[in-house]
Amino acid sequence: MDLIFSLLINGLATGMLIFLLAAGLTLIFGLMSVLNFAHGGLFIWGAYTGVWFYQMTNSFFLGIIVAIITGLLIGYVTERIIVRPVYGNHIQQILITLGFMLVLQELIKVVFGPQQIAVFPPEWLSGSFLVGDVVLIKYRLFIIAVGILVFAICMFILKKTRIGLIVRAGVINKEMVQSLGINIRLVFMLVFMVGAALAALSGILHAPYSGNLYAEMGLEFSILAFIVVVIGGMGSFTGSLLAALLVGLAQAFMAYYFPALSLAVNMLLMTIVLVFRPQGLFRVKG
Amino acid sequence: MNSLLNLNQVAANIGQYHILHDISFEVPSGGVTVLLGRNGAGKTTTLRTIMGLNPASKGSITFKNEEISRLKPHIIANRGIGYVPEDQGIFGDLTVGENIRVAMKKEDEGTTKRMEWVLELFPDLKKFWKKPGGQLSGGQKQMLAIARAYVNENELLLIDEPSKGLAPIIVEKVMDSINQMKEKTTILLVEQNFMMASKIGDQFYIIDDGQTIHNGQMEELKEDKVLMKKYLGIS
């Protein structure tokens, strides 16, 4: 029982990290129809700058703040310079954002060096505690808590505020939103920056979880986020959360019981969803 | 009579296709101006061009004597033009209330009064206030689309084929609501249903192959069987 519980916590923590990365991706795709392959670059820059500041100041909290600010800034630059000229053209979007992803990845090596960096959780999040016979690792619980908090804040904004209402309407029908007198480009930019900040947050949280940092990690992890967006339904925020948890749990359990299949399970899940429900688990209605 | 909207030799393309060649007309302040024409003549594209959704490639469009043809759609809308597209543009996942709230530019007394008035006009919207827009019937969606355009202080409403796909009894209801609305705002209406157009229209323009080819008072058109047969296919 304690093993299953431990795998469950592990899967939920991984799922939450994927969710943070996928949340921005699904909003960016849903609202702007942009396939942003540079999202992994934002993840890795958030991780590196956050860890750099964390190791310099010994404050993990400040590291998180720096990662988020980095995400917002790179998100702004990416939207203005890279994405804006190719709105409406998916082929160009794939090429230019993938290219920019590689640039961001290589720039990491230039700025921080090519070697892997070991990262540990801060003291107050290190170690574990026992609940009955079950060992609970503090840092994994912290990731789950942050994921729940981010989901709650985003849902509150989406459901209860005017900007959230505009974003939800924009995901369904951009043209109509413009016809109602709303500057959709401004909303695009805002959503892109928030999405980038969430990717960066995912990056800094992932670093102590995996224990080390390397430049290629962004591309590897963003593939999982794309799978989650497809499974959850492109543009669906709730769909992304559920799909991310599903992928995280599937990966955790498969890694223990069928290690050889642990990487294939995500692709398998995506294939099943695409065959039986091509629009994803949650469809945004126009 | 003052001209509220003026199109002068407007041309517009959709991709590589030239849809509008020479559209020229005036919408006077007050009443209902109807754009008539066969399917594919360019009526919907004309409304989209006015809204800036299909930018004009040539010509001029002035609203309250100011050029708007190079402006972005949201700026045009904020100048005081409301738009009800052919597909109604309802946000299916949003409730009826949210569909209206997202359109409200202000929450002042005037907006509240207009909303109350429009909800009296369409009581179904009040009844289904918390229902997702995607679950409404075709007629209710049309009412929601019109209400959404009316809720702001717009001086001109562009309404594209409000009777399309609706049962005759619902068409009557929509027609009645537009008739009441025309007392309060100017309307530019695209309509295929000539019966409806002739009952609520004051003046008309006929569009054929991307050009305005004829105009006049609606009363005159009803008498002109030759014109109706030639350009509208009505005998």
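Remember, it's a predicted structure, so these values are computed and weren't measured experimentally.

Draft legend 1. Structural view of the overall build of chain A. Counting secondary structure elements, chain A contains 11 helices and 4 strands. Relative to the 2.2 N^0.38 estimate, which gives 19 Å for 286 residues, the radius of gyration of chain A is 19 Å and therefore close to what a compact globule would have. Its C-alpha atoms give chain A principal-axis dimensions of about 60 × 45 × 35 Å. Considering only residue pairs separated by 6 or more positions, chain A has 76% of its internal contacts joining residues 24 or more positions apart.

Draft legend 2. Layout of the overall build of chain B. Scanning chain B from N- to C-terminus turns up 10 helices and 10 strands. Against the compact-globule benchmark of 18 Å for 235 residues, chain B has a radius of gyration of 17 Å, which places it among compact chains. Taken along its principal axes, the extent of the C-alpha atoms in chain B is 45 × 40 × 35 Å. Every one of the 235 residues in chain B was classed for burial, and the buried ones make up 44%. A separation threshold of at least 6 residues defines the contact pool for chain B, and within that pool the share at least 24 residues apart is 68%.

Draft legend 3. Geometry of the packing of helix H1 (residues 2-32) of chain A against helix H8 (residues 184-210) of chain A. All names here are of chain A. Packing of H1 against H8 brings their axes to within 9 Å, and their N-to-C directions diverge by 165°. Accordingly, the angle class assigned to the pair H1 and H8 is roughly antiparallel. Our pair here, H1 against H8, has a crossing hand that is left-handed. Tallied by class, residues from the contact of H1 with H8 come to 20 nonpolar, 4 polar and no charged.

Draft legend 4. Representation of the UniProt feature "transmembrane region" (unreviewed entry) in chain A. All names here are of chain A. Under the present numbering, the feature "transmembrane region" (unreviewed entry) in UniProt falls on residues 6-27, 34-54, 60-82, 137-158, 186-209, 221-249 and 256-276. Taken end to end, residues 34-54 comprises 76% helix and 0% strand; its first and last C-alpha atoms sit 32 Å apart. From the first C-alpha to the last, residues 221-249 spans 16 Å; its make-up is 86% helix and 0% strand.

Draft legend 5. Structural view of the interface of chain A and chain B. Across the contact, 18 residues belong to chain A and 19 residues belong to chain B. Here the element with the most residues in the side of chain A that touches chain B is helix H6 (residues 162-172) of chain A; it accounts for 5 residues. For the side of chain A that touches chain B, the class distribution of residues is 9 nonpolar, 6 polar and 3 charged.

Draft legend 6. Local environment of the nonpolar core. With 157 residues, the main nonpolar core has A:Ala200, A:Val228 and B:Leu158 as its most contacted residues. When we break this core down by domain, the ones giving at least three residues each are domain 1 (3-80 + 155-232) and domain 2 (89-153) of chain B. When residues no more than four places from it in sequence are discounted, the contact partners of A:Ala200 are A:Leu42, A:Phe43, A:Trp45, A:Gly46, A:Ala67, A:Ile68, A:Thr70 and A:Gly71.

Draft legend 7. Inspection of the domain arrangement of chain B at higher detail. All names here are of chain B. Annotation of chain B at the domain level lists domain 1 (3-80 + 155-232) and domain 2 (89-153). Of note, the centres of domain 1 and domain 2, computed from C-alpha atoms alone, are 23 Å apart. With 11 residues of domain 1 at the contact, the number on the domain 2 side is 8 residues. The leading source of residues in the side of domain 1 that touches domain 2 is helix H7 (residues 168-181), at 6 residues. Its residues placed into classes, the side of domain 1 that touches domain 2 shows 7 nonpolar, 3 polar and 1 charged.

Draft legend 8. Quick peek at the confidence of the model for chain B. Residue and element names in this part refer to chain B. With 98% of its residues at a pLDDT of 70 or more, chain B has an overall mean of 91. Within chain B, helix H10 (residues 225-232) has the poorest average pLDDT of any element, 73, and helix H2 (residues 73-78) the best, 97. Reported confidences for the modelled complex are a pTM of 0.86 and an ipTM of 0.91.

Draft legend 9. Representation of helix H9 (residues 217-232) of chain A in the model. Residue and element names in this part refer to chain A. Its 16 residues place the ends of H9 23 Å apart at the C-alpha level, agreeing with the 22 Å of an ideal helix rising 1.5 Å per residue. The buried count for H9 comes to 13 of 16 residues, which makes it a mostly enclosed element. Among the residues trailing H9, Gly-233 stands out with phi positive, at a value near 105°.

Draft legend 10. Main features of the environment of A:Tyr257. Counting through the fold element by element, A:Tyr257 comes out in helix H10 (residues 237-257). For the pair formed by A:Tyr257 and A:Ala22, sequence separation is 235 residues and the distance between their alpha carbons is 26 Å.

Draft legend 11. Just the pairing of strand S1 (residues 3-14) of chain B, in detail. Residue and element names in this part refer to chain B. Two strands pair when backbone bridges link them, and S1 and strand S2 (residues 17-28) are joined in this way by 8 bridges, in the antiparallel orientation. Following the sheet pairing, Ala-12 is matched in S2 by Leu-20. In this antiparallel pair of consecutive strands, S1 and S2, the connection spans 2 residues, and Gly-15 shows a positive phi of 60°.

Draft legend 12. Layout of unusual backbone geometry. Residue and element names in this part refer to chain B. The backbone of Lys-64 shows a phi angle near 50°, a positive value even though the residue is not glycine. Assignment of secondary structure puts Lys-64 in the loop between strand S4 (56-63) and strand S5 (66-67). On the neighbour-count criterion, Lys-64 (16 C-beta atoms within 10 Å) is partly exposed. Of note in the backbone geometry, Gln-88 takes a positive phi value of approximately 75° without being a glycine.

Draft legend 13. Inspection of the pairing of strand S10 (residues 211-217) of chain B at higher detail. Residue and element names in this part refer to chain B. Here strand S9 (residues 203-208) runs beside S10; their pairing, made up of 6 bridges, is antiparallel. Across the sheet, residue Tyr-205 finds its bridge partner in S10, namely Asn-215. Hairpin remark: S9 followed by S10, antiparallel, with 2 residues in the connecting loop; positive phi at Asp-209, about 50°.

Draft legend 14. Structural view of the packing of H10(A) against helix H11 (residues 264-276) of chain A. Residues and elements named next belong to chain A. Axis separation between H10 and H11 bottoms out at 9 Å; the angle between their running directions is 140°. Taken together, H10 and H11 sit at an angle that is classed as oblique. Considering the relative orientation of H10 and H11, their crossing is right-handed. Facing H10, whose interface residues are Leu-246, Val-247, Ala-250, Gln-251 and Met-254, H11 presents Val-265, Asn-266 and Leu-269. Along the lines of polarity and charge, the residues of the contact of H10 with H11 split into 6 nonpolar, 2 polar and no charged.

Draft legend 15. Structural view of the environment of B:Leu4. Within the fold, B:Leu4 resides in strand S1. Ignoring sequence-local partners within four residues, the contact set of B:Leu4 consists of B:Val27, B:Pro28, B:Ser29, B:Phe63, B:Lys64, B:Glu155, B:Leu156 and B:Thr186.

Basis of the calculations
Residue positions within a chain follow its written sequence, with the count starting from 1. Here every chain gets a letter starting at A, and every ligand a number starting at 1, in the order they are written. With the structure being a predicted model, the display of local features is reserved for residues of pLDDT at least 70 and the display and counting of side-chain atom pairs for 80 or more, all residues being used for whole-chain, interface and lining totals. Here a strand is any run of E in DSSP of at least two residues, a helix any run of H or I of at least four, and the numbering for each starts at the N terminus. Based on C-alpha atoms, the radius of gyration is set beside the globule rule, defined as 2.2 Å times the residue count to the power 0.38. Throughout, a residue-residue contact means that the two C-beta atoms, derived from backbone geometry, are no farther apart than 7 Å. With C-beta atoms placed from the backbone, a residue is buried if 20 or more other C-beta atoms are within 10 Å of its own, exposed if 12 or fewer are, and partly exposed between those counts. Lines fitted to C-alpha atoms define the axes, with helix axes restricted to the stretch in contact, and inter-axis angles between N-to-C directions lie between 0 and 180 degrees. Orientation categories follow fixed angle ranges, with anything under 35 degrees roughly parallel, anything over 145 roughly antiparallel, 65 to 115 roughly perpendicular, and all other angles oblique. Handedness of a crossing follows from how the near helix is turned relative to the far one, being left-handed for an anticlockwise turn of less than a right angle and right-handed for a clockwise one. Classes in brief: Ala, Val, Leu, Ile, Met, Phe, Trp, Tyr, Cys and Pro nonpolar; Asp, Glu, Lys and Arg charged; the others, Gly included, polar. UniProt positions are given in the numbering used here, feature names are shortened, and annotations may be inferred rather than shown by experiment. In these notes, a nonpolar core means any group of buried Ala, Val, Leu, Ile, Met, Phe, Trp, Tyr and Cys residues linked to one another through C-beta atoms within 7 Å. Note that the domain bounds were set by an automatic or database domain assignment. On a scale of 0 to 100, pLDDT captures the predictor's confidence in every residue. Every helix has an expected span of 1.5 Å times one less than the residues it contains. A pair of strands is considered paired only if DSSP assigns at least 2 bridges between the two.

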